[in-house]
Each structure stands twice: as structure tokens, then as C-alpha cells.
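Fold and geometry: a report
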Amino acid sequence: MRSFKDNVLRGLLWLAALLTIAILVTIVGYIFYKGIGLISFDFIFGDYSPTGGGGIWPMIVTTIYTIVISLVIATPIGILAAVYLQEYAKQGRLVRMIRFATESLTGIPSIIYGLFGAVFFVTTLKLGMSIIAASLTLTIIILPVIIRTTEESLKTVPRSYREGSLALGNTKLQTLYKVILPSAMPGILAGIILSIGRIVGESAAIFLTAGTVAALPESIFSSARTLTVHSYLVTQEAGDIELAAAIGIVLIVIILILNLLATLLSKILNKADY
Amino acid sequence: MVMTTLLSKHNKKVKEDLQQMTESNGKTKISVRDLNLFYGEKQALYSLSLDIQEKEVTALIGPSGCGKSTFLRTLNRMNDLIDGVNITGDITIDNENIYQSTDVIKLRTKVGMVFQKANLFPMSIYDNVAYGPRGQGIKSKKELDKIVEESLRGAAIWDEVKDRLKTSALGLSGGQQQRICIARAIAMKPEIILMDEPTSALDPISTLKVEELIADMKKDYTIVIVTHNMQQAARVSDKTAFFLNGEVVEFDTTDKIFSVPKDQRTEDYITGRFG
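Treat the numbers as computed from the prediction; the structure is a model and nothing was measured.

The helix and strand tally for chain A stands at 11 helices and 0 strands. For chain A, the α and β elements follow one another from N to C terminus as α-α-α-α-α-α-α-α-α-α-α. Judged by the C-alpha coordinates and their principal axes, chain A covers about 70 × 65 × 35 Å. Within chain A, the fraction of its 274 residues that count as buried is 43%. The long-range share in chain A, meaning contacts at least 24 apart out of those at least 6 apart in sequence, stands at 73%. Carbon and sulfur atoms provide 72% of the accessible area of chain A, an area that totals close to 14700 Å². Counting 19 positive and 14 negative side-chain charges, chain A places the averaged centre of each group 16 Å from the other.

Laid out in C-alpha cells, this is it:
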């Protein structure tokens, strides 16, 4: 009886795992199947042509711009905020409120951030529909993600590391950057990778703040179109599933490359520290 | 009321014991007077007074929760890390009040600590031992090399690890890790080393090695060791303090504590009637 139950449970677990992988493989497979025919050098590096047949290079550039700018702003702020909340702040009502707020912020639909960005960054700050306005909006979207994941990973650093370092006559700050942050690095990195996914996957908030200009951006103050927005528009307006799928392939590859880079970077940083 | 009379009676006794000791021995390294410690509302240490002699091993024994580790951690102010800890009374090291001189960093370079569980950092053996000196701003590779070798030799583990200094310290056995922890403490060139049940997680052979090391280190350092293991206290220490419920019941030479304890409670404890 017992072994029967065991087997049933194991079967269910297998099934769940299999289902997850199957869904992933199906989606990726479908996208590759539909889109791979369009992938070519000209498609990736060619300029956009409104009459069809052009490339998506402007959107790739815009996407990379938004990723880099929002990460450059959000990562340091997010990590510093998390370090403050976790290591320095007196754990009380205020900190609990800040935590509650960051947690709530992660659950807000991105269109609301988009509306805020459109009103605040685009109009009030007079940035106009631009990459910078979109990046700032994205910064707000990913900040809670980075704060939460960093805080969680700081929590997992064993107390004994802190005690060991302090007992060796190191200051709190030395302990922080020599022992605690390196130990928390994998978790922090996970937060950054999640954020990259969030940025790349965002369409509504970017649509409202960066606009849809399908041209190579002259600067970060230009209005432009990211890959995701482009994908949405070609599906919506032209019903071109093949093109959208091809963009999907490019997106997947970009995310893979960025994740690998992030992992590599953290390894290099870790080495340099010791 | 009963408490206060008990306490004052007890204090008197401790003071008498102290007088006896200071007459018979060398230089006092750590002097504790009327130390009380509170975790918030809860009192954990009750007016402790004792003198710890230079270059001796002083063992702190007693049942779990009797305050011996808490007391040990007052000596390098590790209790500062815990919210709501309040301390009254005086602890002086080399006639300097460690709670008035605010430089905790300096105190901790002088008073090293080895913890219950080896707490090496996820770095190489070399970097672990060099961690303290680097924190003090020593950068020269030559100097660090020298400190690392000396410290590892001092902890009697140089021969075992000299060919793998650059490999992760976490790959070593528990006993080796604990001796690296001792080397790491030695690398700071401290005068006092505090040990909080350093062998409680080790097998008998590793324990023996650490005990031999402690006996050997006595010539250079003043050592205060918390231990659950009474045989260990008897083997390695010169003086023993018996803690019970946050008080020092008896503090004397280890020989006397283990052969002719004055207090009934000490006798009960060392003969294994409770604890």
C-alpha cells in the first residue's frame, strides 16, 4: 500500500515536471518553427522598412538601450536599498512598511506604471516619448524585484560569516563588501536576470513612454520601438505571425546572451574581490 | 530580597576567592568587576567578578544556558551585535576599560575569537588566514605570505595544507577547518584568544589535536575557553570557572575545582549529578 502511494506520488511529480518541460519545448519549438525561416543576416542587422521585408536592427538597438539604462540605474539603487533595509535599518514599523510597499509594487500591473511614466517622465519632466522615459519607467518596475531578491539573498548569508569577519577586527562596511555581498551574489544575480526578463517582456509600459517610432534611435532622448512592442504591432496590425515569431527567436537569444554575461560578470567580480 | 542577599553573599565569596588568587599568581590580563548583562528585560549574567591571568588557559564550564558563552562574548564585545543587550559593570583588559574605550575594532584585533562551529569564509585557505591582516590594511604579498605561513604553523596545520593554500577552505575536514579558524585568529597577532566550545563539533582525534594546540598556544596567548566537556577543561586549563544560572559559583585553579570543590553545586556538576 505504502509503495503504491509512493509510486503514485512519484508519478504525479514526474508528470508535473514533464508537463512544464513539454510546455516550454512546445512554445519555443513553435516559435522556432514559425520564425526560423525569416532569420537572416539582413533580417537582424538590416534597417527597418515600412513597406515590408526590412530588418529589425533599430528595435534590437532600442531593446538593448532600455535594458542597459534601466539596469544601470536600478541595480545600484536596488542593492543599496536592500542592504540598508536588511543590514542597517532598525527593524521596526518603518522598515515593515517599506517592505510591504515594495512587495505591493511588484504586483501592480505594468500598464499602471506605464500611465505614471507617461504622465510623470514624458509630460511633467518633459522628457517626451523617449528611450530615457521608458527606461526610467522600467527602473521603477524592476526596482522592487531587485530589492526583494537582494534582501532575500542577504538573509541567507550565514550569521557566522558576519561574526567571523567582525571578530577579526573588520568593520561592518568591510564585512559587507568582502564577505556578505559576495556570498549573496548568486541571489542578487538571480534578481537581475529576472529583471532583464521583465524589461524584455514589457510592452504596455514602453508603448506608452517610448512610443513606436521604428527607426534607429539617434540618442536616448529619441522615441523608439523595442522588439516586444514591434512584435505586438506586427501581430496586431499586419497579422504577421511569422515575423512576430522571428522577433521572438531574437528575443530569446538576447535574453540567453545577457544571462550568460551576467553570470560571467559575477564570476569575474567574485574573483577580483578575493 | 532573598535574591539580593544571595547575590551579595555570593559576591563576597567571589571577592575572597579573587584575593586568594591574585596573591598566588602572575599578571592579571582581564579583570571583570560586577558585570551584569541583560537581554532586554531578562538578566543573563549576575554581577560577575573574576580575574583572568596572562598566558594561562581559563576554562568556563557549566550547563547549557548558564551564561558562559554570553560572558565570553562580552570580552570582545560580540554581544554588541545583538539588539537590546545592556551591560553594567566593568571589564578591563590591560587596565583599559573595554566598554569605555569605544574602539571595538582595536579591541577585536587584540582579542581573537574561535567559534563553536568552524566559520571559514567561502574563499581559499590563504585568503581566509589573510582576511584579518588585510582588513588591517596589510597589502604586501611578501608580508601576507609570511603571516599566513606563521599562523598556519602556529595552528599546527601548515604541513597538512601548505600545498593547497589556494584551494577552497571549505573542502577541508571539520577538524582542519577549526584549526584554520585558529590560524585565522592567530594571524591578527592577538594577545587573548576566546574559544567558544571549539571542539564540540569535532571527532575525538581532531579534538585531541586542538587540545594539544591549546596547550601549546598558552605560552604566547591568554586563552579563555568555554567547554561542555569537563574532561577537556581538566586537560587543558589552569583555572576553571563554574557558571550556573548566570553566576560564577566557583572560580579556582582547575586542580582544586576538580578535586576539592568548595561549593556543593560545583561538586554536583562535575560529578555529573546534573547538567
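All right, on to the overall build of chain B then. Secondary structure summary: chain B contains 11 helices and 10 strands in total. When the 275 residues of chain B are sorted by exposure, 55% land in the buried category. Across chain B, every contact between residues at least 6 apart in sequence was considered, and the portion connecting residues at least 24 apart equals 68%. Accessible surface computed for chain B: about 12200 Å², of which carbon and sulfur atoms make up 51%.

We now examine the pairing of strand β4 (residues 85-93) of chain B. Residues and elements named next belong to chain B. Direction of pairing for strand β1 (residues 28-39) relative to β4: antiparallel, over a ladder of 8 bridges. Each bridged residue has a counterpart across the sheet, and for F38 the counterpart in β4 is N86. In this sheet, strand β5 (residues 96-97) lies alongside β4 in antiparallel orientation, the contact comprising 2 bridges. Within β5, the position partnered with T92 by the bridge is N97. Hairpin remark: β4 followed by β5, antiparallel, with 2 residues in the connecting loop; positive phi at D94, about 50 degrees.

Residue-level contacts link 24 residues of chain B with 18 residues of chain A. Buried area between chain B and chain A, both sides added, is near 1800 Å², and the carbon and sulfur share of it is 63%. Its salt-bridge partner being R73(B), residue E163(A) comes within 3.2 Å of it at the nearest N-O pair. Inspection of the chain B/chain A interface yields 5 residue pairs in polar contact (both at pLDDT 80 or more).

This paragraph deals with the packing of helix α6 (residues 131-155) of chain A against helix α8 (residues 172-201) of chain A. Residue and element names in this part refer to chain A. The geometry of α6 relative to α8 is characterised by a closest axis approach of 8 Å and an angle of 150 degrees between their N-to-C directions. Judged by the inter-axis angle, α6 sits roughly antiparallel to α8. Here the hand of the crossing between α6 and α8 comes out right-handed. In this structure, α6 contributes L138, I141, I142, V145, I146, T149, T150, S153 and L154 to the contact, and α8 contributes I180, L181, A184, G187, I188, G191, L194, S195, R198 and I199. Among the residues forming the contact of α6 with α8, the class breakdown is 12 nonpolar, 6 polar and 1 charged.

With that settled, consider the layout of surface pockets. Approximately 730 Å³ is the volume found for the largest pocket. Together, 25 residues line the largest pocket, and E87(A), R162(A), L166(A), K172(A) and L81(B) are the ones closest to its centre. Where the lining of the largest pocket is concerned, the elements lending two or more residues are α3 (57-88), α6, α7 (159-167) and α8 of chain A together with α3 (104-110) of chain B. Here the lining of the largest pocket is composed, by residue class, of 10 nonpolar, 5 polar and 10 charged.

All names here are of chain A. Under the present numbering, the feature "transmembrane region" (unreviewed entry) in UniProt falls on residues 12-33, 56-85, 97-121, 127-147, 179-200 and 243-265. Taken as a whole, residues 12-33 contains 100% helix and 0% strand, while its terminal C-alpha atoms sit 30 Å from one another. Annotation note: span residues 56-85, helix share 97%, strand share 0%, distance between end C-alpha atoms 42 Å.

Turning our eyes to something else, we now look at the packing of aromatic side chains. Going through the model one piece at a time under the given rule, you end up with 10 aromatic pairs over all chains. Residues F45(A) and W57(A) carry aromatic rings whose centres are separated by 5.1 Å and whose planes lie at 40 degrees to one another, so their mutual orientation is tilted. Of the two residues, F45(A) sits in helix α2 (residues 41-45) while W57(A) sits in helix α3, which places them 12 residues apart along the sequence. In this structure F45(A) comes out as partly exposed when scored by relative accessible area, which is 44%. Judged by relative accessible area, which is 30%, W57(A) ranks as partly exposed. Ring plane angle 25 degrees and centroid distance 4.9 Å describe the contact between F242(B) and Y269(B), whose orientation is recorded as stacked. Here the residue F242(B) occupies a position in strand β9 (residues 239-244), and Y269(B) occupies one in helix α11 (residues 264-270), the gap between them amounting to 27 residues. Taken together through their ring pairs, the aromatic side chains of F41(A), F45(A) and W57(A) make up a single cluster. For K172(A), the ring lying beneath its charged end belongs to Y88(A), and the centroid distance is 4.4 Å. Over the ring of F121(B) we find R184(B); its NZ or CZ atom is 4.6 Å from the centre of that ring.

On to the sheet that holds β9(B), then. Residue and element names in this part refer to chain B. Ordered by their spatial adjacency, 6 strands build an open sheet running β6-β7-β8-β3-β9-β10, and the pairing between neighbours is mixed. The sheet is open, and its two edges are formed by β6 (111-114) and β10 (247-253), each paired on a single side. Mean inter-strand twist for the sheet, computed between neighbouring axes without regard to direction, equals 15 degrees. Pairing of strand β7 (residues 192-196) with strand β8 (residues 222-226), which is carried by 5 bridges, proceeds in the parallel orientation. Bridging from a neighbouring strand, D196 pairs with V226 of β8.

The element β10(B) is extensively covered by neighbouring structure, given that 6 of its 7 residues are classed as buried. With antiparallel pairing between neighbouring strands as the criterion, β9(B) and β10(B) make up a hairpin whose turn holds 2 residues, including N245(B) at a positive phi of roughly 50 degrees.

Ordered by their spatial adjacency, 4 strands build an open sheet running β2-β1-β4-β5 (chain B), and the pairing between neighbours is antiparallel. At either margin of the open sheet sits one strand with a lone partner, and together these are β2 (42-53) and β5 of chain B.

This paragraph deals with helix α10 (residues 227-238) of chain A. Spacing of three or four residues puts side chains on the same side of an α-helix, whose turn is 3.6 residues. Residue and element names in this part refer to chain A. The end-to-end C-alpha separation of α10 is 15 Å, in line with the 16 Å expected for 12 residues at 1.5 Å each. Looking at α10, one finds that the buried residues are L227, T228, V229, H230, S231, L233 and V234. Positive phi appears at G239, one or two residues downstream of α10, with a value of about 65 degrees.

What follows concerns the nonpolar core. Of all hydrophobic cores here, the largest spans 54 residues; its most connected members are F43(A), I56(A), L71(A), L227(A), I247(A), V250(A) and F121(B). Elements supplying a minimum of two residues to this core: α3, α6, α8, α9 (204-210), α10 and α11 (241-273) of chain A. Per-element accounting of this core gives the leading share, 10 residues, to α8(A). Non-local contacts of L227(A), meaning those with residues more than four positions away in its chain, are made with I56(A), M59(A), I60(A), T63(A), I247(A), V250(A), L251(A) and I254(A).

Calculation rules
- Residues numbered from 1 in each chain as written.
- Chains lettered and ligands numbered in written order.
- Predicted model: local features only at pLDDT ≥ 70, side-chain atom pairs only at ≥ 80, totals over all residues.
- Heavy atoms only, no water.
- Helix = DSSP H or I, 4+ residues; strand = E, 2+ residues; numbered from the N terminus.
- Buried < 20%, exposed > 50% of the residue type's maximum accessible area, 1.4 Å probe, protein only.
- Contact = heavy atoms within 4.5 Å.
- Areas by Shrake-Rupley, 256 points an atom, 1.4 Å probe, with all protein chains shown as cover.
- Lys, Arg positive; Asp, Glu negative; His and termini not counted.
- Charge placed at Lys NZ, Arg CZ, Asp CG, Glu CD.
- Pairing = 2+ DSSP bridges.
- Buried area = accessible area lost by both parts, 1.4 Å probe.
- Salt bridge = Lys/Arg side-chain N within 4 Å of Asp/Glu carboxyl O.
- Polar contact = N/O pair within 3.5 Å; in protein donor to acceptor, adjacent residues only side chain to side chain.
- Axes fitted to C-alpha atoms, helices over the stretch in contact; angles between N-to-C directions.
- Parallel < 35°, antiparallel > 145°, perpendicular 65-115°, else oblique.
- Left-handed = near helix turned anticlockwise from the far one by under 90°.
- Nonpolar A, V, L, I, M, F, W, Y, C, P; charged D, E, K, R; others polar.
- 1 Å grid on protein atoms, 1.4 Å probe; cavity = no way out; pocket = protein on both sides within 12 Å on 5 of 7 lines; lining within 4 Å.
- Points joined across faces, edges and corners; volume = space filled by probe spheres on them.
- UniProt positions renumbered as here; feature names shortened; annotations may be inferred.
- Phe/Tyr/Trp six-rings, centres within 6.5 Å; stacked < 30°, edge-to-face > 60°.
- Lys NZ or Arg CZ within 6 Å of the ring centre and 35° of its normal.
- Expected span 1.5 Å × (residues − 1).
- Core = buried A, V, L, I, M, F, W, Y, C linked by side-chain atoms within 4.5 Å.

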